[in-house]
Amino acid sequence: MRVNLTVNGRPRTADDVWPGESLLYVLRERLGLPGAKNACEQGECGSCTIRLDGDLVCACLVAAGSAEGAEVTTVEGLAEEDARLAPVQRAFIDAGAVQCGFCTPGLLMATDELLARDPHPADADIREALSGNLCRCTGYESILGAVRLAAERAAADRAAAEGGA
Amino acid sequence: MGITPAPDALRQDTAAPGGVGASAERPDAVGKVTGAFAYSSDLWHEDMLWGHTLRSPHPHARITGLDVSAALAVPGVHAVLTHEDLPAATHYGLEFTDQPVLARDIVRHEGEPVALVAADHPETARRAADRIRVSWQELPAVLDEASATARDAPVLHPGRTDHHAAHVPHPNIVHRQPVVRGDVARAAAGADVIVSGAYEVGMQDQAFLGPESGLAVPAEDGGIDLHIATQWLHVDHRQLAPVLGLPPERVRLTLAGVGGAFGAREDLSMQAHACLLALRTGRPVKMVYNRYESFFGHVHRHPARLTYEHGATRDGKLTHVKARIVLDGGAYASSSPAVVGNAASLGLGPYEVPHSDVEAIALYTNNPPCGAMRGFGAVQACFAYEAQMDKLAAALGMDPVELRQRNTMSQGSTMPTGQVVDAPAPVAELLRLVRARPLPPARQWETPDGTDVRALPGGLSNTTHGEGVVRGVGYAVGIKNVGFSEGFDDYSTARVRLEVTGGEPVATVHTAMAEVGQGGVTVHAQIARTELGVTRVALLPADTRVGSAGSTSASRQTYMTGGAVKNTCEAVRAEVLRLGRERGLLDTRAERLAGGKVVGRDGEVLAALADILGGEAIDLELEFRHRPTQPFDRVTGQGAGHVQYSFCAHRAVVEVDTELGLVKVVELAAAQDVGKAVNPQAVVGQIHGGAVQGLGLAVLEEIVVGDDGRVRNPSFTDYLIPTVLDTPDMPVDVLELADEHAPYGLRGVGEAPTLSATPAIVAAIRRATGRALHRVPVRPEHLTAPDGSRAG
Amino acid sequence: MDFLRPAGWQEALAAKAAHPDAVPLAGGTDLMVELNFDRRRPERLLDLGRIRELYEWETSPDGVRLGASVPFRDLVGPLRARLPGLARAAHTVGSPQIRNRGSVGGNLGTASPAGDAHPALLAAGARVEAASLRGTRMIRVEDFFTGPKRNALAPDELIRAVHVDAARGPQEFAKVGTRNAMVIAVCAFALALHPHARTIRTGIGSAAPTPLRAREAEDFLTGVLDEGGHWEHGRPVPPAAARRFAELAAAACAPLDDVRGSAAYRRHAIKVLARRTLHWTWTAHTSRTGREGEASCA
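Residues numbered from 1 in each chain as written. Chains lettered and ligands numbered in written order. Predicted model: local features only at pLDDT ≥ 70, side-chain atom pairs only at ≥ 80, totals over all residues. Heavy atoms only, no water.

Things to note about the overall build of chain B
Across its full length, chain B carries 18 helices and 34 strands. For 792 residues, the compact-globule estimate of 2.2 N^0.38 gives 28 Å, and the C-alpha radius of gyration of chain B, at 27 Å, lies within 12% of that figure. Along the first, second and third principal axes, the C-alpha set of chain B runs to 80 × 75 × 65 Å. Looking at the 792 residues of chain B, the share that counts as buried comes to 66%. Of the contacts formed within chain B by residues at least 6 apart in sequence, a portion of 78% connects residues at least 24 apart. When the accessible surface of chain B is summed, it comes to about 25400 Å², and 50% of that surface belongs to carbon and sulfur atoms. Within chain B, the 92 negative side-chain charges are centred at a point lying 2 Å from the centre of the 71 positive side-chain charges. (Helix = DSSP H or I, 4+ residues; strand = E, 2+ residues; numbered from the N terminus. Rg over C-alpha atoms; globule rule 2.2 N^0.38 Å. Buried < 20%, exposed > 50% of the residue type's maximum accessible area, 1.4 Å probe, protein only. Contact = heavy atoms within 4.5 Å. Areas by Shrake-Rupley, 256 points an atom, 1.4 Å probe, with all protein chains shown as cover. Lys, Arg positive; Asp, Glu negative; His and termini not counted. Charge placed at Lys NZ, Arg CZ, Asp CG, Glu CD.)

The structure is reproduced here in structure tokens:
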């Protein structure tokens, strides 16, 4: 079957999709977007986290056919148009939150969603928001540090903008 | 976190930004946060086919018939391979060549590969595999020591020819290593207190997130190019070429992005299978395991049964230790012999023990094969000997940290193997550091807004609002060897090229080191900057065009391939200076390279690199070795078997819901000596990550194998690794006491924190509950059973 | 495999009538795992994702008519005050990603004994609105579960909505899992006080072949509260009665030993949770009605 959707702002079409395929497979194997990862394919690790019509979801649990007409954002769509890193991406690098990096795309998507919703999350709220994303390398400490760093920088930017206004 | 400064004499020049000692940024970081970094499962090739593996449903069975014709008839299927189709060698293995590429007549564990399919879509391949008809005759399985070593036990590998075959007491014992020192019987007679215990460690999985995967591309020369996630390209290569029946130079491996390893990528998984399918079909073949298959696709941490006897005088000095460690190696040897060597030689912990008698064995059984996992034989022993130290302290009425500190080893101590420790061993200091930290505040779930269940055992599942919750604090310390031991010729190779391009000096570093997430590539760039005084460092992809870098395991890569990069850089620098003198541009004041210049002792500029090199490049490839080690004596275990020791201590604070048996780890404080923090941020990341894998073993993680030899929980739904809501705050103290034998004085970091985290957490749970707890992972049942002291 | 994608509810019912073997697909959080791991290969998938009304809810004084596909996220959020027990349960489902897709209707369709919504629905009081081309019928939730992963739907029926009674008293839900997030229940217990009817109701998950109510425990406690005049004076439940209630709740279980926990532990844990949730709900009830002060003065 054919699936039409919008990915990172661009209309895309996948052909010859087997009806049992997940959106994750279509993104990775048919649309050349392997940023969403395939760690468990059972919704238990969050490595394939994307936005589907704005919602944070595991792409492995979305049937490709269900995504017909949907708006999808993947980690490939986080950076600015001019390839400048998004603040959450920069913060993950600076805080040392990237080791093997297989969990990183999913965590970036979850962090991006969290900070959009709650610019000053308490630690317990960060933990709850990221509890669907497994990491096996870092022990999560540096990831918490990255989220705090991104939030602090955003707050500093807002303060600077207000000061300058 | 605190980093204790090193003495000035040991400070290296870190003038070059991003050099040794800086928390330099990972060279792969931008690719990893944008999705551009290509992991082995991300690879794609025009015209590629998908490989799929048919596996045994039985733990021990004879194949009496195998018919692939129906599978071959499925449209879209390009090849189906069985043992009959193997072109050359039929077996491989890390230490023994005992593992079939595809099962011939016997399968020895559930999940053993039997046949392969290549098809145009994964679903086509799966449906075709369903149509392969296998006739099975189930055989009696051996699943533990008693059944494996019974007189009439089925011998799993008859006619063994490996190097341990001659000295093992039973053919189902892979390897046996005793370590005997002094006179235990006499020492026991002089002990005031003797405690003994039996302990058990469940089968842990590495649970890396990036599943086994790779892409094999047939080459025009009849050879193969394999893009693969592995821990050691050259050991894969050594096993692959004979199986493919190709000359070594026509088998080329390139490292693809690796999504974690932790020991699970030391053995081959799909490497040979993808190559065989690619060579048969003439098409690129991609193979990607799903999580279910991954649990059958790699070895696990050996489950272990351990019995210990510790004796001490009334004032708390150890008199002797007796230990027996039985490791279940499963169906194939993998790295079991080396795991046995570690368990035996490190089995008493970082303590001075005047008289000891240790025996460690690994079994062949029909359980899943076990091999390398972070901590490698030292993890199991650490759980047991640290439990014993607490038990001994209780018997003596002594504080458990105080008892440990009275017995800790230090520089100059003699190991049970007779090896004298000739580098700093600040074990007592590490214990002091974790104990000196303030304890986290009590009852953190009580907030101005009411009860925050997220701070309680059970978390969001809302099982307690404080009822039944008791806090406990526990301590543990461990010892891990760094590098390959027992006389192994352990070396790493680095090729370094220095040239001036566009007026700027550039170093190019090429090694075959597997970057699995640890940050070795960052360290290589840092070393090149420091040694060659350059800003720009190019890192070439790891592949088999350069010499072996050895394995990314045994906490060895910063020491070994880092050491190799340093070593080659030094040779390149010497060549620059030689050239400079030869060309009359330098005199004897020339010492080092900095900022693209040759400088003297006080940094005075003597010549520009561009003037010395002109358009030439210096390009060297050299091997680097650590000090040689000795094999352990087969009878006494004596021998200087290890290169370097690594130590970490933990203090765990837990809160236990004593009625439901649920545990929350509130804080896990670590102190570790790293010799030299080449990249402090990466060092702390290793300590955190290693500790959380130890936390997983303490309270969550176990591959449950039924008494029928079948795995009960091969999925992330039932094999639970810690989430961010399960991990505590983890303050870290880092000591930097240089080991003068190692590059920059550094000490391997990655594994030691995995050892001590587990026993520290279990000690804390014992304090909270009063239960004996002889087994990990600790389950709610163990904390609530009416007769909990004997649970597990 | 066919992928059916009806644009509206009538079209969905027609498709289900024409293809009773079609497997409904909403959030996909259960079904896609089975597809990904090659455990299930239905002839047809019936994707309900385009049917907007399944994602909507209506409230009335009697309760909430919850569209079958309303994600758990909305229970944790906007519906929390009206359906506190179900909200608690929804908050323990999987992860934020799963709660954005999974739904009560999906939980009911799968009918796993471990479904997190079930105990809360049983305790609160709920009816499943099942529809087909033949018409619509209401199934009491306690009659809905017919076996492990089996439910009372006819082959041509789909779940349109779930009608959950409005909470008129405190409700609690507690679930034992060995991990603090993303965990399937080892066992779960829900308790709801219904002061207007002077009854209490319970729900047990993962401790029997189906989710169930602990009827004897409910009857016992309802009797104790009634006879002791507790609804009037608000005094604490006598400890012996609370213990007996917990024992009866545990006795209602018919658990199995499996990889997630032993039968003995499940029984034990249900007993602990029953006692605790009773204490929490009764304390909340008496403090809400201001009777706690009276009780302590007495």
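Observations concerning the interface of chain C and chain A
Each partner contributes residues to the interface: chain C has 28 residues there, and chain A has 32 residues. Together chain C and chain A conceal approximately 2300 Å² of surface at their shared face, both sides included; 56% is due to carbon and sulfur atoms. Sorting the residues of chain C by area buried against chain A places Phe3(C), Gln97(C) and Met182(C) first, and these three jointly supply 26% of that buried surface. Where chain C meets chain A, there are two salt bridges. Taken together, the links from chain C to chain A amount to ten residue pairs in polar contact (both at pLDDT 80 or more). (Buried area = accessible area lost by both parts, 1.4 Å probe. Salt bridge = Lys/Arg side-chain N within 4 Å of Asp/Glu carboxyl O. Polar contact = N/O pair within 3.5 Å; in protein donor to acceptor, adjacent residues only side chain to side chain.)

Overview of the environment of Val379(B)
Residues and elements named next belong to chain B. Its location among the elements puts Val379 in helix α10 (residues 378–396). Expressed as a C-alpha distance, the spacing of Val379 and Pro759, which sit 380 residues apart in the sequence, is 9.3 Å. Residues within four places of Val379 in sequence aside, it is in contact with Arg301, Arg374, Leu697, Thr754 and Leu755.

Side note on the interface of chain A and chain B
Between chain A and chain B, the contact holds 50 residues from the first and 62 residues from the second. Taken together, chain A and chain B are joined by eight salt bridges. Of the charged contacts in the structure, one is a salt bridge between Arg28(A) and Asp42(B), with a shortest N-O distance of 2.8 Å. Linking chain A with chain B are 31 residue pairs in polar contact (both at pLDDT 80 or more), by the criterion used here. Looking at the side of chain A that touches chain B, the elements that each hand over two or more residues are α1 (23–30), α2 (87–94), α3 (104–117), α4 (123–129) and α5 (141–164) of chain A. Per-element accounting of the side of chain A that touches chain B gives the leading share, five residues, to α2(A).

Considering the packing of aromatic side chains
Tallied over the entire structure, the rule returns 13 aromatic pairs over all chains. Judged by centre distance (5.9 Å) and plane angle (40 degrees), the rings of Tyr25(A) and Trp50(B) are tilted. Residue Tyr25(A) is found in helix α1, and its partner Trp50(B) is found in strand β2 (residues 49–55); the two belong to separate chains. No difference in accessibility class separates Tyr25(A) from Trp50(B), as the two residues are buried. Three or more aromatic residues joined by ring pairs form one cluster here, namely Phe102(A), Phe37(B) and Tyr39(B). (Phe/Tyr/Trp six-rings, centres within 6.5 Å; stacked < 30°, edge-to-face > 60°.)

Details of the domain arrangement of chain B
Interfaces are frequently sized by the accessible area removed from exposure as the parts join. All names here are of chain B. Taken as a whole, chain B is organised into domain 1 (2–37 + 491–625) and domain 2 (40–139 + 222–258 + 265–286). Of note, the centres of domain 1 and domain 2, computed from C-alpha atoms alone, are 39 Å apart. Across the boundary between the two partners, domain 1 contributes 17 residues, which contact 15 residues of domain 2. Summed over both partners, the interface of domain 1 with domain 2 buries about 1200 Å², with 58% contributed by carbon and sulfur atoms. (Domains from an automatic or database assignment.)

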